[in-house]
Amino acid sequence: MAVSSSLFTSSLQGSMVTPKTLKCCTEFKCSPSNLSFQQSRHTKSMHLTHLGLLPSRKLSIWETDGFSSKDRIQCRAFEVEKAPSFSVGKKFQLDDIIEAQQFDRDTLSAIFEVAHEMEKIEKNSTGSQILKGYLMATLFYEPSTRTRLSFESAMKRLGGEVLTTENAREFSSAAKGETLEDTIRTVEGYSDIIVMRHFESGAARRAAATASIPVINAGDGPGQHPSQALLDVYTIEREVGKLDGIKVGLVGDLANGRTVRSLAYLLTKYQDVKIYFVSPDMVKMKDDIKDYLTSKGVEWEESADLKEVASNCDVVYQTRIQKERFGERIDIYEAARGKYIVDQDVLDVMQKHAVVMHPLPRLDEITVDVDRDPRAAYFRQAKNGLYIRMALLKLLLVGW
Amino acid sequence: MAVSSSLFTSSLQGSMVTPKTLKCCTEFKCSPSNLSFQQSRHTKSMHLTHLGLLPSRKLSIWETDGFSSKDRIQCRAFEVEKAPSFSVGKKFQLDDIIEAQQFDRDTLSAIFEVAHEMEKIEKNSTGSQILKGYLMATLFYEPSTRTRLSFESAMKRLGGEVLTTENAREFSSAAKGETLEDTIRTVEGYSDIIVMRHFESGAARRAAATASIPVINAGDGPGQHPSQALLDVYTIEREVGKLDGIKVGLVGDLANGRTVRSLAYLLTKYQDVKIYFVSPDMVKMKDDIKDYLTSKGVEWEESADLKEVASNCDVVYQTRIQKERFGERIDIYEAARGKYIVDQDVLDVMQKHAVVMHPLPRLDEITVDVDRDPRAAYFRQAKNGLYIRMALLKLLLVGW
Amino acid sequence: MAVSSSLFTSSLQGSMVTPKTLKCCTEFKCSPSNLSFQQSRHTKSMHLTHLGLLPSRKLSIWETDGFSSKDRIQCRAFEVEKAPSFSVGKKFQLDDIIEAQQFDRDTLSAIFEVAHEMEKIEKNSTGSQILKGYLMATLFYEPSTRTRLSFESAMKRLGGEVLTTENAREFSSAAKGETLEDTIRTVEGYSDIIVMRHFESGAARRAAATASIPVINAGDGPGQHPSQALLDVYTIEREVGKLDGIKVGLVGDLANGRTVRSLAYLLTKYQDVKIYFVSPDMVKMKDDIKDYLTSKGVEWEESADLKEVASNCDVVYQTRIQKERFGERIDIYEAARGKYIVDQDVLDVMQKHAVVMHPLPRLDEITVDVDRDPRAAYFRQAKNGLYIRMALLKLLLVGW
């Protein structure tokens, strides 16, 4: 995993051997007619699959909202004997969401299955109570309104409650200087799960190592933003209908965009993928990712012809040229920015089933007239972020 | 409507011809014994009155909180045959709340009837669940704590949930530059209704044109703040007991205050209204409103004698002189500010049934000793803002 | 109470003679088979104990969450005849929480009993509905994320809802200049209880005098922060098992820390208490508190030997040296800061049952290795803040 580690930070495998949830005691009462599971607030992420008790397949009970979490778990426990056995293991332990590398293909597939169920729940006008009684703290050390609202909507759509701060730096303000670890130890006393945005790479990992409750990384500096990576892959699956065999054009700022780097990384999990890089010279995809793709047998090529790439691809993934990376060289920024625009001309050469994606916000790298085309998938992609976050919250708090 | 358009911005009539709610599919199942209406989350503002199915009168069922929204709608559908027929039409379509001009007399009356019901709901200690499962996003591009808390209280009093941001400018921050339209397309994916405060006149109209969910304008720059206009008229009706035939003294900064301009505009909907303008010369009511009143046959006069006006009026509507409009001419501001003060002397000449109103915040244009007089209606007026906002949320999300 | 007044601000006794809650009308319906109590939203803090109807002892019904507040009150009313009579009086009226001095020993004991019940409720995964339908406004004139999240978590753990502002200064921004009293009159219309943080000493008292709903002081400038004082005493009771006869070492910045001053004050309520002051010369405990302790017969002494004190005490209460008090004399600050550190050496001399407390945030006045020792009580102390705040909200909103 050396390559993986150098690409991002390091692997989570070590910490996952001792699942966070096993720190807490749980009480099982078994009788011939009744297998019940008593869950306390502090066994939030108890993984029944890990204990070999439960299959990880989605149960239809998720859509009946009249049950408390405890009832729900009991009901699932009842189904143990009826359900097909399922190989369970490390991959199904979701204690924290820290980085894209922690997911293997099976875990991605299982998360996407839950996310798909969440689409139905979200559309139901009566709302869900799956997470009723649970409290999420959004601990944002820098504002990211888009990401915060998406997580908070996810929590509330599932009946949970939210504590919000976009002012988390105040915890450790100049005169005070509290460590992140101390802040986490305080906040974990007030909530059941922490969604953290931080300005420093690695902060999420430190928080997760400290917290006895689950932590979700909602972006840590130039580092990771794993829920964005998940929603991108999920969107491809939902829009194109498959992940094996797809052709993806990554366009724009490939040097600085963490979304395209994470997406390229995750696509190595699938078969027969082909990736095209289309970017101004200033912001080409870096060698670490290219080398990693090669090492995993993923075909890739660089191209300067957006139309030709677009005509070949299932997905054109456009990104914003990040002005802030160019310093005072506004002239170079402007040249880079105007070079590859997705407009009607590009749409005209794209295949009928292909889609245009973008992590948002966009400036003019996709022209507004493209919005009207059904292949413009970027607002659906943003909405998929809601489903992915609903799934993650559900999985971390009440399990598969 | 040319006059109306020049007074404010423009009319909503065009967009109201195609109600937002009809974009969504709905499913009706009818049988002899059962007329049920299946509502999905995306048919929030479906107007049964528009479809000729339902009367717009308030049904007593609103006060029984054991029902889900869907049940509620079904129950109302059941009552169709029993209820008196009601003329329905464009005026009862509330898709968005953008500006004071969108309301005619009948709509005002219907909204006030709902607001009055909300008073009872708010006083009930067990709370209401009318909007359970609904999620409101307060998208504030500039802080307005008073308005925001009022809307959020309204939503929560009805059992709904809230996503908050007073940091909405962050969506379109320097380096990013996302359009308002793109932001709206993202936020509408996370919520069921958007309450927006913006610094630019016309922003609310743009947001409403983009959104497939209802938008409420909570103030857009120097433009409109329609829920304030509604609560002012509602307060007059509640305090004085009538709107036809009332005499209203508008006092203070009549040039810059959008509340007095909207109030004057809305009062033209009623019969035999007389308006007095009492203001320092620097901040007189502008000619557009005067001309509009004249064109609508509303009697008005300017006066420099606050006491004489107060002795004649049913309502003395005092406003704050807006210091920020005077730039460096603090001397002129101070003179204007001290000229017309509502104090005990003014109260002494007012009629017993008359009231003092003020949109708040106040400085010293109403002296604190006035607060103790039962005719001091301004804090009740602020509270009426809650009822009006409860009514608007209810009407936009689950209909009449 | 002259000493008390000079120590802090002044006593609440005057205002407590006319309980806030008796302003509101209530309706009692009694029949042979049923004693029911109709509570409106505006009789939130009606004190049945004050009326002689109810005992203040904790009833087990608190842990059954299926009841509405109204049901709960009715149930408690039913138990009147069965319950032992209890002397009720002024001390059990909790209309507002303004300052540490308002609590006598019996009230502290009663609050702690409720807080202890709250521990069980918080651990229950299904959550509580005791405060369902109630709305708390967190009106923060300056940010204090730690305190705010603690109160908001407390409210939500009990099923209540929250309106948040950390931007309350905006109410009275430059051009506007609204008084605190007017702001309170507005906010009380939107909520059922106000938790206020203010930058001016005495602001909470002014707010409480204005509001017809309960006000909790969450810190007013250099003045009071009573919920912190309560959680400190509660933590001692929970950790050491007693309050009479304890020995407490107050360490660090005793001149500026309001927590140590409040704690010393409250400890005078108990028997045979001994207090040690251990601090750099620059920041010694002031004479007012020393004199007050003496006047109450509480033994105290100053010491420069932290280890000796630690070996004697039940509680070592460490505090942060407040850098901001030293202005430009960083050299003096650094000397003061390094003088008394709680580390493994200090732990080594402490008794087995003794604990280390700290109001947080800490810098390095307690070394990180201490965290692993079971006697490190400061994160449990922070968590106790949650239970105390749950108890206060419960007591102010639905009574004992």
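First, a word on what this report is: a plain description of the structure on this page. These numbers were taken from a predicted model, which means no experiment stands behind them. (Residues numbered from 1 in each chain as written. Chains lettered and ligands numbered in written order. Predicted model: local features only at pLDDT ≥ 70, side-chain atom pairs only at ≥ 80, totals over all residues. Heavy atoms only, no water.)

**Considerations on the interface of chain B and chain C**
Then, in step 1: Contacts between the two partners involve 31 residues from chain B and, on the opposite side, 28 residues from chain C.
Then, in step 2: Here chain B and chain C share an interface that buries about 2700 Å² over both sides, 50% of which is from carbon and sulfur atoms.
Then, in step 3: Asp192 of chain C is paired through a salt bridge with Arg157 of chain B; the nearest N and O atoms lie 2.9 Å apart.
Then, in step 4: When residues of the side of chain B that touches chain C are traced back to their parent elements, those giving at least two are α4 (105-123), α5 (145-157) and α14 (378-398) of chain B.
Then, in step 5: No other element matches α5 of chain B, which puts nine residues into the side of chain B that touches chain C. (Contact = heavy atoms within 4.5 Å. Buried area = accessible area lost by both parts, 1.4 Å probe. Salt bridge = Lys/Arg side-chain N within 4 Å of Asp/Glu carboxyl O. Helix = DSSP H or I, 4+ residues; strand = E, 2+ residues; numbered from the N terminus.)

**Section: the environment of Asp106 of chain A**
Then, in step 1: Secondary-structure assignment places Asp106 of chain A in helix α4 (residues 105-123).
Then, in step 2: Separated by 163 residues in sequence, Asp106 of chain A and Lys269 of chain A have C-alpha atoms that sit 9.5 Å apart.

**Details of the packing of aromatic side chains**
Residues and elements named next belong to chain C.
Then, in step 1: Tallied over the full model, the rule gives 18 aromatic pairs over all chains.
Then, in step 2: Each ring, one from Tyr265 and one from Tyr292, has its centre 5.1 Å from the other, and the planes form 10°; the classification is stacked. Here Tyr292 lies in helix α10 (residues 287-295) and Tyr265 lies in helix α9 (residues 258-267), a separation of 27 residues in the sequence. Pair check on accessibility: Tyr265 and Tyr292 agree, each one buried. (Phe/Tyr/Trp six-rings, centres within 6.5 Å; stacked < 30°, edge-to-face > 60°. Buried < 20%, exposed > 50% of the residue type's maximum accessible area, 1.4 Å probe, protein only.)

**A short note on the interface of chain A and chain C**
Then, in step 1: If you look at the interface, chain A gives 28 residues, while chain C gives 31 residues.
Then, in step 2: Regarding the contact of chain A and chain C, the summed buried area is about 2700 Å², with carbon and sulfur atoms giving 50% of it.
Then, in step 3: Taken together, chain A and chain C are joined by five salt bridges.
Then, in step 4: Asp371 of chain C serves as the salt-bridge partner of Arg185 of chain A, at 3.6 Å between the closest nitrogen and oxygen.
Then, in step 5: Linking chain A with chain C are eleven residue pairs in polar contact (both at pLDDT 80 or more). (Polar contact = N/O pair within 3.5 Å; in protein donor to acceptor, adjacent residues only side chain to side chain.)

**Things to note about the environment of Leu386 of chain B**
Then, in step 1: By secondary structure assignment, the location of Leu386 of chain B is in helix α14.
Then, in step 2: Leu386 of chain B gets classed as buried once you look at its relative accessible area, which sits at 0%.
Then, in step 3: In this view, Leu386 of chain B contacts Glu122, Ser150, Ser153 and Ala154 of chain B together with Gly189 and Tyr190 of chain C; residues no more than four positions away in its chain are not counted.

**Thoughts on the relation of the copies chain B and chain C**
Each of the two chain copies goes to the other by way of a rotation about an axis and a shift along it.
Then, in step 1: Structural alignment of chain B on chain C gives an RMSD of 0.0 Å, achieved by rotating through 120° and translating 0.0 Å along the axis. Here the copies are linked by what is in effect a three-fold axis.
Then, in step 2: Taken together, the interface assignments show that only 3% of the residues at the interface of chain B recur at the interface of chain C, consistent with different surfaces on the two copies. (Least-squares fit on C-alpha atoms with pLDDT ≥ 70 in both.)

**Some details on the pairing of strand β3 (residues 135-140) of chain A**
Residues and elements named next belong to chain A.
Then, in step 1: Along β3, six of the six residues are buried, which leaves the element largely enclosed by surrounding structure.
Then, in step 2: Taking every second residue as pointing to the same face, both faces of β3 are buried, with Leu135, Ala137 and Leu139 on one and Met136, Thr138 and Phe140 on the other.
Then, in step 3: Here β3 runs beside strand β4 (residues 161-165); their pairing, made up of five bridges, is parallel. Opposite Met136, over in β4, you have Val162 as the bridge partner.
Then, in step 4: On the question of chirality, the crossover connecting β3 to the parallel β4 by way of helix α5 (residues 145-157) is right-handed.
Then, in step 5: Bridge count for β3 against strand β5 (residues 193-198) is five bridges, and the pairing is parallel. Residue Thr138 lies in a different strand from β5, and its bridge partner there is Val195. (Pairing = 2+ DSSP bridges. Right-handed = clockwise from strand over helix to strand, strands pointing away.)

What is shown is where atoms sit, not what they do.
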